[in-house]
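Structural features, examined
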Amino acid sequence: KYFADFHALLTKPSCREVSVQGPRRDNKAEAIRDCELLRKTFDNEGELGVKRMGESLRNKASDMPVATPEVLEGIYNAMRQSQVAPERLIPPGEGWVRFNDEMLWEPRSEVYFAQKGNQMGKYLMKDAKSNQFESVDTPHQSAEAAVSVRAGGTNILRQGNKLDRTVLLPELKKIARLTLKFPLSFLDSPASAFALFQGIRSAEAADWCAKNFHSKLIPLLAKKIHSWKTEELQKLLDRVLTDLDAEVIKSPHAFSGSSAVLALLLGDRLVISAVGQFRVVLLFDDGSSRELMRGTDLHSDAERIEEARGHIRKDSLIRLPDADSNDAEKVLMARNPFQVLQMEPQALDEKQVRTQYRKMALKVHPDKQTEDAESFKKAFARLDGAKEVLESLCGADSTAVADLHQVLQAEVHTREGAAQLLSVDAAPMTETEQLAEDAAKSSRRGIKKLEKLEHLVKAEYDLAVATYREAVETLRRPASKEALPRQEALRLQSLSMSRALGVRDMRFPAPVVVMRPESVSWQVQRGTRVALLCGATAALTDQQLTKSSAAFKRCPRASALRWCQEMSGNSVMAACLRCETKGEEGQGHGTGPPAKKQKTQQGGGRSIFMRHILFKHQQLRVMDPAARREGAARSSGEAEAKALQVLQRLHAEPNSFVKLCREHSDCASAEQPGTLAGHMGWVARGEQEPAMEEAAFALGLNEFGDLVVTSRGVHLIQRIG
């Protein structure tokens, strides 16, 4: 015999366990159905409801020959009709759980609904200070916008490591339910999210952000069941970037970085937030374009960068002097007044300071320079400032001055430098809690010793405090002996932007780089493509974007691939969103022979007649019994590039499909006789992989579709009926 055994641990209003058993059954499947029914009842009716259901099942077991789903559903409905008073109200939406006999609770948003009692029909929230219930607005009723957005993203890796990551979540509500068990029923539809991350220095930061993007976004969306204002959505995406950044700079990959573009589609609103090197452009079907936003130019942040002791050389941002640095750059990038005048604290008297000042002034005086006079002028001004600071320290406590010099000279971004400053163990370790505690104590003692200098050199004192704190954070980060040298070597690489995720060495203790997102919103319009460009592709002009993808206005993936091909970088990426009016899918225009007559499924659903060309590649892991040969392409990227070439030929010569299919397709359907080459036959919804289905049913008669990637490879498709 089998039986359902249901247990639940309640924490409100007090901690206790609820246990309910179902009746004895002859087979396991019936007992499982009982279990599912008990769980459903508990979710909707709470403790009292599940106990009543258990009793009802046991009482009716003898009259129930087989516990079919239909019979159990009848018992559930009968119990609700008999037990739930007619005046008990049911709120719209999903995610409500029983709080007490009178109220339901939506745990993610902290909203309560009074089903009966004095406040029946009201939505309530608890005031944080008084702990009393206060009435709030009615939750947002999800609306279906008359828009359809299809997305395609791709990359090209020519040399080195793949630095970019693309995340496309076209069905955000479904993904939220499957991955995090979060209902997002209060959001407008369509609800989609897209993200591009371009690695800086290495791929670790971009990879981590791509894998965790959805886990930051979805809980924030679930916290509100009322209507979202556009400005609130922009702040939400900014918050997602901030949360991702906070995790990256605490991780072992803190010196790795990333540019990022996040896009959120809710109904007919598209909200975008980005940081780093990016560009977002609207491309209209009439050939016109409009830039929606672009990343802040490196030179626009020049003043802030100089204040943080960074330096712009051509189009690169550097923090530490190198072999190519001239005298002015060395002065401008010096981290402290001691380094500017190249003095040790032991030689600190007014005469020595003036002597060293005159010596350095001869090297950087702007009147003696013929090139880059502006840099030398700034260097000379900084020389004056350093002289004043050191002169003010001449009469101060010599021990405190020596300590200040040691702190300001320390390279606290390396584990060895931080450990030396704080007199703790420098060995790499993964468990750093005790080490961080010891380092924090040492830091507090060091700061205490410097307090007597605060009134003399406030800026240098503040920098020393920030340096101590950064040393503690360096030691707090877990590290392995094998990975540490490679991770610390990243800090020696220059950057081409002044805003980014990660790159901790450029942000602390002085903010040479900042993580400052920029955001924008746009109301979706039909007949438009949105170009999401991150990294090298952000340099593409509107003319390049429009001209290179003119033949692929309804093909977002092919458009993105063409944009990547326009750039010569080692690892480039792009994404494209195609916006249409809902119901417009399948209304595109194609060329070719007369279409086959529409076929209708037995259940009334629509089916289409298709043919395709398949490009397999060597990275496929699933055996394909319908393949006629192994793919020649080494990677998915190679297969996509080859498919794009064939698609361009098809647009130029629409009647060449049969010839090109026999020549290029790796599917056995290419060997079918005559004009049947490549035919897939009549296809209904639910019969193909989701990517294939979405692309196929968006086609008009005789129209060639976008590049489609499935478990079989890369497809070119055409709807012919």
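Use the structure listed above.
Described in the following lines is the structure provided in the data block. What you are looking at is a predicted structure, and each value in this text was computed from that prediction instead of being measured.

Considering the packing of aromatic side chains
By the definition in use, this model includes 9 aromatic pairs. Here Trp-96 and Tyr-123 contribute two aromatic rings whose centre-to-centre distance is 6.1 Å and whose plane-to-plane angle is 45°, an arrangement assigned as tilted. Taken together, the positions of Trp-96 in the loop between α2 (69-83) and β3 (97-98) and Tyr-123 in strand β6 (residues 123-126) put the pair 27 residues apart, joining distant regions of the chain. Residue Trp-96 shares its accessibility class with Tyr-123, and that shared class is buried. Consider the rings of Phe-113 and Tyr-123, whose centres lie 4.9 Å apart with planes at 45°: the pair is tilted. With Phe-113 in strand β5 (residues 111-114) and Tyr-123 in strand β6, the pair connects residues that are 10 residues apart, well separated along the chain. Ring-pair connections join several aromatic residues into one group, and the members of that group are Phe-99, Trp-105, Tyr-112 and Phe-133. Arg-504 extends its terminal NZ or CZ atom over the ring of Phe-508, reaching a point 4.8 Å from the ring centre. Above the ring of Phe-697, the side-chain terminus of Arg-685 is found at 4.2 Å from the ring centroid.

Observations regarding the packing of helix α12 (residues 415-422) against helix α14 (residues 458-476)
At a closest axis distance of 9 Å, the pairing of α12 and α14 adopts a crossing angle of 120°. In terms of orientation, α12 and α14 fall into the oblique class. For α12 against α14, the interelement crossing comes out left-handed. Contacts between α12 and α14 involve Arg-415, Ala-418, Ala-419, Leu-421 and Leu-422 from the former and Tyr-468, Ala-471, Val-472, Thr-474 and Leu-475 from the latter. Per-class residue counts for the contact of α12 with α14 are 8 nonpolar, 1 polar and 1 charged.

Concerning the packing of helix α4 (residues 204-222) against helix α5 (residues 230-248)
In contact at an axis separation of 9 Å, α4 and α5 are set at 135° when each is read in the N-to-C sense. Considering the angle they form, α4 stands oblique to α5. The two elements α4 and α5 meet at a crossing, and its hand is right-handed. Across from Ala-205, Trp-208, Cys-209, Asn-212, Phe-213, Lys-216, Leu-217, Leu-220 and Leu-221 in α4, the residues of α5 making contact are Leu-233, Leu-236, Leu-237, Arg-239, Val-240, Asp-243, Leu-244, Glu-247 and Val-248. Taken together, the residues of the contact of α4 with α5 sort by class into 13 nonpolar, 1 polar and 4 charged.

With respect to the nonpolar core
Ranked by size, the top nonpolar core spans 49 residues in total, and within it Leu-341, Leu-393, Leu-404 and Leu-422 carry the most contacts. Put simply, the parts of the chain that give this core at least two residues each are α7 (327-333), α8 (337-341), α9 (350-364), α10 (373-393), α11 (398-409), α12, α13 (433-450) and α14. If one sorts the elements of this core by residue count, α10 sits on top with 8 residues. Contact partners of Leu-404, with chain neighbours within four places excluded, come to Phe-338, Leu-393, Leu-450, Leu-453, Val-457, Glu-460 and Ala-464. Of all hydrophobic cores here, the second largest spans 37 residues; its members include Ala-191, Ala-222, Leu-233 and Val-275.

Here's the deal with the sheet that holds β6
Read across the open sheet, the 5 strands follow the order β3-β4-β5-β6-β7; overall the sheet is antiparallel. With partners counted over all chains shown, the strands left at the sheet margins are β3 and β7 (133-136), one partner each.

Focus: unusual backbone geometry
Omega for the peptide link from Ser-189 to Pro-190 comes to 0°, which places this bond in the cis form. Within the secondary structure, Pro-190 sits in the loop between α3 (172-180) and β10 (191-200). Cis peptide bonds are those with omega within 30 degrees of zero, and the linkage from Phe-508 to Pro-509 qualifies with 0°. Checked against the element boundaries, Pro-509 lands in the loop between β17 (501-502) and β18 (518-523). Despite not being glycine, Arg-309 has its phi angle at roughly 70°, a positive value. Inspection of the secondary structure puts Arg-309 in the loop between α6 (302-307) and β15 (311-313). By relative accessible area, which is 31% here, Arg-309 ends up partly exposed. A positive phi angle is found at Val-503, which is not glycine, with a value near 40°. Note on placement: Val-503 falls in the loop between β17 and β18.

Criteria and cut-off values
- Throughout, residues of each chain are indexed from 1 in the direction in which the sequence is written.
- At least 70 in pLDDT is required for a residue's local features to be given in this predicted model, at least 80 for side-chain atom pairs to be given and counted, and no such filter applies to totals for whole chains, interfaces and linings, which use all residues.
- Side-chain metrics in this entry use all non-hydrogen atoms of the structure; hydrogen atoms and water are not considered.
- Centre distance within 6.5 Å is the pairing criterion for rings of Phe, Tyr and Trp, where only the six-membered ring of Trp is used; planes under 30 degrees apart are then read as stacked, over 60 as edge-to-face, and the remainder as tilted.
- Helix and strand definitions here come from DSSP, where helices need a minimum of 4 consecutive H or I residues and strands a minimum of 2 consecutive E residues; each element is numbered from the N-terminal end.
- Buried, partly exposed and exposed residues are distinguished by accessible area as a fraction of the type maximum, computed with a 1.4 Å probe on protein chains only: under 20%, between the cut-offs, and over 50%, respectively.
- Definition used: whenever NZ (Lys) or CZ (Arg) falls within 6 Å of the ring centre and also within 35 degrees of the ring normal, the charge is taken to sit over that ring.
- Each axis is a line fitted through C-alpha atoms, taken for helices only over the stretch in contact, and angles between the N-to-C directions span 0 to 180 degrees.
- Geometric relationships in this document are graded by angle, where less than 35 degrees denotes roughly parallel, more than 145 denotes roughly antiparallel, 65 to 115 denotes roughly perpendicular, and other angles denote oblique.
- The crossing is said to be left-handed when, going from far helix to near helix, the turn is anticlockwise and less than a right angle, and right-handed when the turn is clockwise.
- Residue contacts are defined here by distance: any two heavy atoms, one from each residue, within 4.5 Å place the two residues in contact.
- Residue type decides the class: Asp, Glu, Lys and Arg count as charged, Ala, Val, Leu, Ile, Met, Phe, Trp, Tyr, Cys and Pro as nonpolar, and the leftover types, Gly among them, as polar.
- Among the buried residues, those of types Ala, Val, Leu, Ile, Met, Phe, Trp, Tyr and Cys that are joined through side-chain atoms within 4.5 Å form a nonpolar core.
- Strand pairing is assigned whenever DSSP detects at least two bridges linking the two strands.

All quantities given are derived from atomic positions and should not be read as evidence of function.
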